[in-house]
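# Fold and geometry: a report
The lines below spell out each chain.
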Amino acid sequence: MASRGKFSSKLGFILAAAGSAVGLGNIWKFPFEVADGGGAAFVLIYLVFAFILCFPVMVTEIAIGRKTQKNPVGAYEALGFKKWKFLGMLGILSGILILSFYNVVAGWAFGYFLEILRGNFEIGNNFSIYIAQIWKVGIYGTVFMGVTAFTVSKGISGGIERAAKFLMPSLLIMIIGLAFYAMSLPDAGAGIVYYLVPEFSEVTFEVVYNALGQAFFSLSLGMGALITYGSYVSKSDNIINSAAWITVMDVGIAFLAGLMIFPFVSYLTNGTMENFSGGPGLIFTTLPGVFSSLGETLGIVVGSTFFLLLSFAALTSTVSLLEVPVTYVVDELKVSRKKTVWIVAILIFLIGVPSLLSNGYSSFFTNFVTYFGATSPTNFMTLVEHVGNDTFLPLGGFLITVFAAYVWGKNNLIEELSEGNPKFRDGRMKKYIDFTISYLCPVMLGIIFILTFLNRFFGINVF
Ligand code: TRP
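In this report, we go over the structure that sits alongside the text.

### Quick look at the site of the ligand
- As a structural note, the neighbourhood of the ligand is formed by 15 residues, with Ala-21, Gly-25, Tyr-102, Ser-218 and Ser-320 the closest of them.
- Contact between the ligand and Leu-24: an oxygen atom at 3.2 Å from a main-chain N or O atom of the residue.
- Within the side chain of Asn-26, a nitrogen or oxygen atom sits 3.3 Å from an oxygen atom of the ligand.
- Burial of the ligand by the surrounding chains reaches 100%, relative to a free accessible area of 360 Å².
- Put simply, the parts of the chain that give the shell around the ligand at least two residues each are helix 1 (10–21), helix 2 (24–36), helix 10 (205–218) and helix 14 (296–333).
- When the residues that make up the shell around the ligand are grouped by side-chain class, the tally is seven nonpolar, eight polar and no charged.

### Examining helix 18 (residues 428–458)
- Compared with an ideal rise of 1.5 Å per residue, which puts 31 residues at 45 Å, helix 18 spans 43 Å between its outermost C-alpha atoms and is within 8% of the ideal.
- Thr-436 marks the point of greatest bend in helix 18, at about 45 degrees.
- At the C-terminal side of helix 18, Gly-459 shows a positive phi close to 65 degrees.

### Describing the nonpolar core
- Counting residues in each nonpolar core, the largest one holds 164 residues, and the members touching the most others are Met-260, Ile-283 and Phe-306.
- Setting aside residues no more than four positions away along its own chain, Ile-283 makes contact with Ile-27, Trp-28, Ile-261, Pro-288, Phe-306, Phe-307 and Leu-310.

### Looking at the packing of aromatic side chains
- Applying the stated criterion across every chain yields a total of 44 aromatic pairs.
- A ring pair is formed by Phe-127 and Phe-284, whose centres lie 5.0 Å apart and whose planes are at 5 degrees; its orientation type is stacked. With Phe-127 in helix 6 (residues 127–130) and Phe-284 in helix 13 (residues 280–293), this pair connects stretches of sequence that are 157 residues apart. Accessibility assignment for this pair places Phe-127 and Phe-284 in one class, buried.
- Look at Phe-365 and Phe-380: their rings are 5.5 Å apart centre to centre, the planes differ by 80 degrees, and that puts the pair in the edge-to-face class. Of the two residues, Phe-365 is situated in helix 16 (residues 363–366) and Phe-380 in helix 17 (residues 380–418); the sequence distance between them amounts to 15 residues.
- In this structure, Lys-29 packs its charged tip against the face of Phe-217, placed 4.6 Å from the ring centre.

### Some points on the pattern of salt bridges
- Per the counting criterion, the structure on display carries 12 salt bridges.
- Note that Arg-66 and Glu-416 form a salt bridge whose closest N and O atoms lie 2.8 Å from each other. Separated by 350 residues along the polypeptide, Arg-66 in helix 3 (residues 40–68) and Glu-416 in helix 17 bring together distant segments of the chain. Taken individually, Arg-66 and Glu-416 each receive the classification buried, so the pair is uniform in this respect.
- Linked by salt bridges that have partners in common, Arg-66, Lys-235 and Glu-416 make up one network.

Calculation rules
Residues numbered from 1 in each chain as written. Predicted model: local features only at pLDDT ≥ 70, side-chain atom pairs only at ≥ 80, totals over all residues. Heavy atoms only, no water. Near = heavy atom within 4 Å. Polar contact = N/O pair within 3.5 Å; in protein donor to acceptor, adjacent residues only side chain to side chain. Areas by Shrake-Rupley, 256 points an atom, 1.4 Å probe, with all protein chains shown as cover. Helix = DSSP H or I, 4+ residues; strand = E, 2+ residues; numbered from the N terminus. Nonpolar A, V, L, I, M, F, W, Y, C, P; charged D, E, K, R; others polar. Expected span 1.5 Å × (residues − 1). Bend = angle between axes of the 7 residues up to and from the residue. Core = buried A, V, L, I, M, F, W, Y, C linked by side-chain atoms within 4.5 Å. Buried < 20%, exposed > 50% of the residue type's maximum accessible area, 1.4 Å probe, protein only. Contact = heavy atoms within 4.5 Å. Phe/Tyr/Trp six-rings, centres within 6.5 Å; stacked < 30°, edge-to-face > 60°. Lys NZ or Arg CZ within 6 Å of the ring centre and 35° of its normal. Salt bridge = Lys/Arg side-chain N within 4 Å of Asp/Glu carboxyl O.

Shown next as structure tokens:
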């Protein structure tokens, strides 16, 4: 059998996995959850969750991958638990669903990069028209999926790792540069105050729940993306240490995104921070307004840098999403990577076509379903997000922790984590992973799964 490939170094793996984690979620979701959730108080809660809840799941996924050197489906079988193959399947299905709509949004960002480069700032006021122009966004989406597939087709060290080694440092330089620039603009201070001054009264149960969900999503957990990347990691690497780096980089870049975005918005609103909200509207409507107000040349430089940064962040995530089904097909059917990549990418692109059409072009897909008790319909793209992301990821995470703690067994997990890290066996970190993976993680992930399911599909709000 041909070799599966491997990350060439620990740094290569860390950058690729951090690339998977750092994505659209870091740049448009995190800053707003912070602002709405009590500023620095939210950041604190988020950090606690990232380290107590997500970190143990991350090391577990990487350990399962490295132990078996298999894709998520093959991994459960290789450990001797054929019945758990369904969990790998669930992960692969989640990956396919997430990539199908994530690529659409990535295509929008890439399209904005090209439009702003041409000096078209008006695009910001025409966002809803733009996303309904099916040929335009269709071509941008095709290009984005093409670049993703090209990267994955070059293999682990020659494609994914190489791309991450270029994209991640570039992303870091761009985000630091833009944050410094934004903070030098008039009224920047009011934006920072809005972003970070703690408001403990704003910390409700709902905010805590959002912090949990966001941390989990942002770290790319729950679908076996890190089982897949873990399967290419060397036995001599220290998994605990790598996972700590990945978490720090993800949280750090999300935090920097806020230092860039809030001063921009504050500058545009003269420090009032009025009339703006998070999500796509902010990125695709408000920020182009900021860029255009900087004047033609500066606006083009700053604006295109921003959308290039967004495209880079998305690309390292789409690459890892595509790698999951690709590794599965290559491992199980023993076919060539190159062929597999292009076939899988085309299939996922086709699955994404209804999402592409569901932003105003086709009224059928735009008004696709109306949930129980809801008054307005949900479009196809949001439905896929509710299923693939919001429901399957916490469910997958819950089941992975149950599997690791009670089926495969904690001792086996601890053995694998001690490879490349012999001190782990008798250290405090071992006790910590043991406790969280057995009790804390399954309970909390189980709760998130149930609450999210009730909320998304039945509009039931427990808080
Ligand atoms: N973490 C990515 C982001 O913040 C999105 C994401 C969720 C993801 N799950 C994933 C990316 C699995 C790759 C693999 O945007």
